[in-house]
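Read off the chains here:
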Amino acid sequence: MVLDLIRRIGIRGTQACLVMPMATGMTVMMTLLSLRESRPQAKYVLWPRIDQKSCLKAIVTAGYQVVVIENVLEGDELRTDVPALKEKVSTLSPENVAAILTTTSCFAPRGVDRLEEVAKICKEHDIPHIVNNAYGLQSTKCLHHIQQAGRVGRVDAFIQSTDKNFMVPVGGAVVAGFDAQFIEHIGKMYPGRASVSPVLDLFITLLSMGVQGYTSLMTQRSEHMDYLRTRLEEVANGFDLQLLLTKNNPISMGLTIPKGVGTELGSQLFLRGVSGVRVVTPNQIKTIAGVTLKGWGAHHPNYPHGYLTAAAALGMTKADVDTFMGRLEKCLKKISSKLRERGAEDDNGVESQ
């Protein structure tokens, strides 16, 4: 049932899939562990940077060393540094590279990785290629990139979250690929027993909506993405902000924020029940699983703006967009008023001196 759906919505070359009773990060870890038998001397995973903790933890927990490939800034958008990736493959030697772990869906301003180019590198050097497609099953753009990458190069597995793509409870993932034997091998690696709940939740949901119902939700999501972009542009114009241009990100958008208000804006939105927004301020440093990343949250060590992200995910309605935008505008008005008051106080202080 899931295999048929994946084929019908865009990745026609898929040969097998498996519903795992674990969330995306743990499924990435299991997939990487499945490579050990065929690549016993390999110890590195090349990872075009995405600031999401589970990816790093999955690589380290699987026993590999993370090699971070920093993204390149193209306008407002962050893209895969393919020359740097090629250089690392050459420096480390292909047989020492366990896999390249790329990403499709992610927080703006990062775009979809250049999957087709990476897939060609993997095919040329016989390196496994794992794709973190956590949110991507709901996006025709992400699906197209995976299908094309599998056609022109090498993709061993692509992994997607069941809760993010099918609106079921957290705790499951679907691992799929163009090689049925490798997907079967991942399943055989699973130790012990597991809960049937993730499989049952997905089964009932797909029976209820069917392929037609799911594709209808995909169309609605795309329409709501356009509507969200329009509303964010209006807010950007009204508050002298900038909507970041990230044409290669089909799910998430970024809006610049006034300097020095990131923490305050994030807390105000959270108090108003807005939990899906990510507020990023420059120059944060974070160490995860022994890997230190400068500019944490922005996918880049020196991203030039502070910003917030907003995403149009499957199941979102136009009313949800309107509610979010109303709360965002209230917060921005409150913060703008405070900034004007501070500016007036500073001016008065200078005059009194």
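From a predicted model like this one, the values you see are computed outputs, not experimental measurements.

Novice: Kindly report on the overall build of the protein, identifying the contributing residues and their values.
Specialist: Each helix and strand counted, the protein has 11 helices and 14 strands in total. In terms of overall dimensions, the protein is globule-like: its C-alpha atoms have a radius of gyration of 22 Å, near the 20 Å expected for 353 residues. Each of the three principal axes of the protein carries a C-alpha extent, and together these read 75 × 50 × 35 Å. Each of the 353 residues in the protein was classed as buried or not, and the buried ones make up 52%. Long-range pairs, those at least 24 residues apart, make up 74% of the contacts in the protein between residues at least 6 apart in sequence. Of the roughly 16000 Å² of accessible surface on the protein, a fraction of 50% belongs to carbon and sulfur atoms.

Novice: Break down the sheet that holds strand β11 (residues 278–280) for me, with residues and values.
Specialist: Either a parallel or an antiparallel arrangement is found when strands of a sheet pair, and the pairing is made through backbone hydrogen bonds. The 3 strands lie next to each other as β10-β14-β11, forming an open sheet whose pairing is antiparallel. On the outer flanks of this sheet lie β10 (252–256) and β11, each paired with one strand and no other. Sheet twist, expressed as the average angle between the axes of neighbouring strands with direction ignored, equals 25 degrees. In terms of strand pairing, β11 meets strand β14 (residues 307–311) through 3 bridges, oriented antiparallel. Pairing of Arg-278 across the sheet is with Thr-309, part of β14. Along the sheet, helix α9 (residues 197–238) makes contact with β10 and β14, crossing β10 at roughly 0 degrees.

Novice: Tell me about the sheet that holds strand β6 (residues 97–103), and please be specific about residues and values.
Specialist: Judged by pairing direction, the sheet is mixed, and its 7 strands sit side by side in the order β1-β9-β8-β7-β6-β2-β3 without closing on themselves. Strands with a single pairing partner mark the edges of an open sheet, and in this sheet they are β1 (16–20) and β3 (65–69). Across this sheet, the average inter-strand angle for adjacent strands is 20 degrees, counted without regard to direction. As paired strands, strand β7 (residues 129–132) and strand β8 (residues 157–161) are joined by 3 bridges and run parallel to one another. Bridging from a neighbouring strand, Asn-132 pairs with Ile-159 of β8. Strand contacts of helix α1 (residues 2–9): β1, β8 and β9 (173–177), with the helix running at about 120 degrees to β1, the strand carrying the most contacts. Contacts from helix α8 (residues 180–189) reach β1, β7, β8 and β9 within the one sheet, and its direction differs from that of β1 by about 20 degrees.

Novice: Tell me about the UniProt feature "binding site: substrate" (unreviewed entry) in the protein, and please be specific about residues and values.
Specialist: When the UniProt feature table is mapped onto this chain numbering, "binding site: substrate" (unreviewed entry) sits at Arg-193. Secondary-structure assignment places Arg-193 in the loop between α8 and α9. Among the residues examined, Arg-193 registers a relative accessible area of 83% and is labelled exposed.

Novice: So what about the UniProt feature "modified residue: N6-(pyridoxal phosphate)lysine" (unreviewed entry) in the protein? Which residues, and what values?
Specialist: Look at the UniProt record and you will see "modified residue: N6-(pyridoxal phosphate)lysine" (unreviewed entry) annotated at Lys-164. Setting aside anything within four residues of it in sequence, one finds Lys-164 in contact with Ala-134, Tyr-135, Gln-138 and Leu-314.

Novice: Let's hear about α8: which residues, and what values?
Specialist: For α8, the complete set of buried residues consists of Phe-182, Ile-183 and Ile-186. Seen end-on, α8 carries its buried residues on one side only, within an arc spanning 100 degrees. Turned more than 90 degrees off the buried face of α8, the exposed positions are Gln-181 and Lys-188. Looking at the buried positions of α8, the neighbouring elements they touch are β1, α2 (24–33), β7, β8 and β9. Looking at where α8 begins, the residue whose side-chain oxygen comes 3.1 Å from the main-chain nitrogen of Gln-181 is Asp-179.

Procedures and definitions
- Residues numbered from 1 in each chain as written.
- Predicted model: local features only at pLDDT ≥ 70, side-chain atom pairs only at ≥ 80, totals over all residues.
- Heavy atoms only, no water.
- Helix = DSSP H or I, 4+ residues; strand = E, 2+ residues; numbered from the N terminus.
- Rg over C-alpha atoms; globule rule 2.2 N^0.38 Å.
- Buried < 20%, exposed > 50% of the residue type's maximum accessible area, 1.4 Å probe, protein only.
- Contact = heavy atoms within 4.5 Å.
- Areas by Shrake-Rupley, 256 points an atom, 1.4 Å probe, with all protein chains shown as cover.
- Pairing = 2+ DSSP bridges.
- Axes fitted to C-alpha atoms, helices over the stretch in contact; angles between N-to-C directions.
- UniProt positions renumbered as here; feature names shortened; annotations may be inferred.
- Arc of directions from axis to C-beta.
- Polar contact = N/O pair within 3.5 Å; in protein donor to acceptor, adjacent residues only side chain to side chain.

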